[in-house]
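The chain contents come next:
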Amino acid sequence: MPTVLGSVRRLVLSPQLIDVTFAKRGFPSRPTPAARRLEAVPQAVICGFEWGIDARDQWEVERRLDLVDAEMRGFAYEGATMAATVLDAMGGGHRTRDLLLGPGRRHIFLAYIGIGFAMARLPRPLWRKVVPDLSGDPYHPTMSWLAVDGYGFDRAYFQTRRWVDEQKIPAAYGWDGAPDYFLRAIDQGIGRALWFIGGGHAPDVAAAVGRFAEHRRPDLWSGVGLAATFAGGSDADALGTLRRAAGDDRGQLALGTVFAVKARSYAGLVPDFTAAACQALTGLSVDKAVALADDTAVTSASAEPAYELWRRRIRSHFDDA
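Residues numbered from 1 in each chain as written. Predicted model: local features only at pLDDT ≥ 70, side-chain atom pairs only at ≥ 80, totals over all residues. Heavy atoms only, no water.

Colleague: What is the right way to look at the overall build of the protein in this model?
Modeller: Counting its secondary structure elements, the protein contains 17 helices and zero strands. Taken over the C-alpha trace, the protein has a radius of gyration of 18 Å; the compact-globule value for 321 residues is 20 Å, and the two agree within 12%. Taken over 321 residues, the protein has a buried fraction of 56%. Nonlocal contacts in the protein, meaning residues at least 24 apart in sequence, comprise 73% of its contacts between residues at least 6 apart. For the protein, the computed accessible surface area is about 13200 Å², with 52% contributed by carbon and sulfur atoms. Of the side-chain charges in the protein, 38 are positive and 37 negative, and the distance between the mean point of each set is 4 Å. (Helix = DSSP H or I, 4+ residues; strand = E, 2+ residues; numbered from the N terminus. Rg over C-alpha atoms; globule rule 2.2 N^0.38 Å. Buried < 20%, exposed > 50% of the residue type's maximum accessible area, 1.4 Å probe, protein only. Contact = heavy atoms within 4.5 Å. Areas by Shrake-Rupley, 256 points an atom, 1.4 Å probe, with all protein chains shown as cover. Lys, Arg positive; Asp, Glu negative; His and termini not counted. Charge placed at Lys NZ, Arg CZ, Asp CG, Glu CD.)

Colleague: Which parts of the structure should I look at to understand helix 16 (residues 286–295)?
Modeller: Owing to its 3.6 residues per turn, the α-helix brings residues three or four apart onto one side. Turning to helix 16, its buried residues are Val286, Ala289, Val290, Leu292 and Ala293. Seen end-on, helix 16 carries its buried residues on one side only, within an arc spanning 155°. For helix 16, the exposed residues lying more than 90 degrees away from the buried face are Asp287, Lys288 and Asp295. (Arc of directions from axis to C-beta.)

Colleague: Which parts of the structure should I look at to understand helix 12 (residues 217–230)?
Modeller: Between its terminal C-alpha atoms helix 12 stretches 20 Å, which fits the 20 Å expected from 14 residues at 1.5 Å a residue. Within helix 12, 12 of the 14 residues are buried, which leaves the element mostly enclosed by the surrounding structure. For helix 12, the complete set of buried residues consists of Asp219, Leu220, Trp221, Ser222, Gly223, Val224, Gly225, Leu226, Ala227, Ala228, Thr229 and Phe230. Downstream of helix 12 by one or two residues, Gly232 has phi in the positive range, about 80°. (Expected span 1.5 Å × (residues − 1).)

If you want it as structure tokens, here you go:
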């Protein structure tokens, strides 16, 4: 049974399933299996959030998430992490840490994005409390920038007019001591959102990226590549069109693809559509893309975030090709 407080929080903070459908949001939709799978992604996130808010303990959260199809389970963990983050930030506790050091470990990449979804619903003074200490995890704190990415995605998806049409630029924030990079990480999340907003239709997505200021497009393209590869929603021919449309930013598109393949591989399941996107957008097999990510990994840096140094190393592989 859900808790009373959990149900109240769910009603206040969580959109309804109908609210995240493409039709409700005014996004284009195609009657294809790939498009329907893409539309199911935000619905899986909402389910994970509701379970995480309502559940009395982590055991119950884990059991519910195990019922989700393996291909979509990471998205449900995004939602559950969002719920745990909200609960910890508002009331104290260590639910997020317990989740990410336990059953959520293999979904750590998407879990950080879930933290970003929580940030979109929390006042900035509480942001300093949202990332738990995950010492010992090889991707902490480097990949915590995905939380900022998640924040950007959430704002673009739910406030499309302001963040996409009007191209809102938020105030900088000293995430990981790098306030300037904060805005770039947000654009990476907006780029992911553009894939969903465009319904996975390559020409529409490319046109949306092209409407942004030129200096923002590289990060947007990397987000597009990540979403197209991790979430699917398009066939090989359309992905070829997407790659050509990226032009000089093809390396950014490929960078996002490599990160997506690494995240899928780390979670233990690489769907066929992810493998196909990897080949179409990078020319690499899944194994070679994962090896590229592992061989270029950066765990510490000083002048700029290790996250961006890692991204740059991956991108240089394609820029030099």
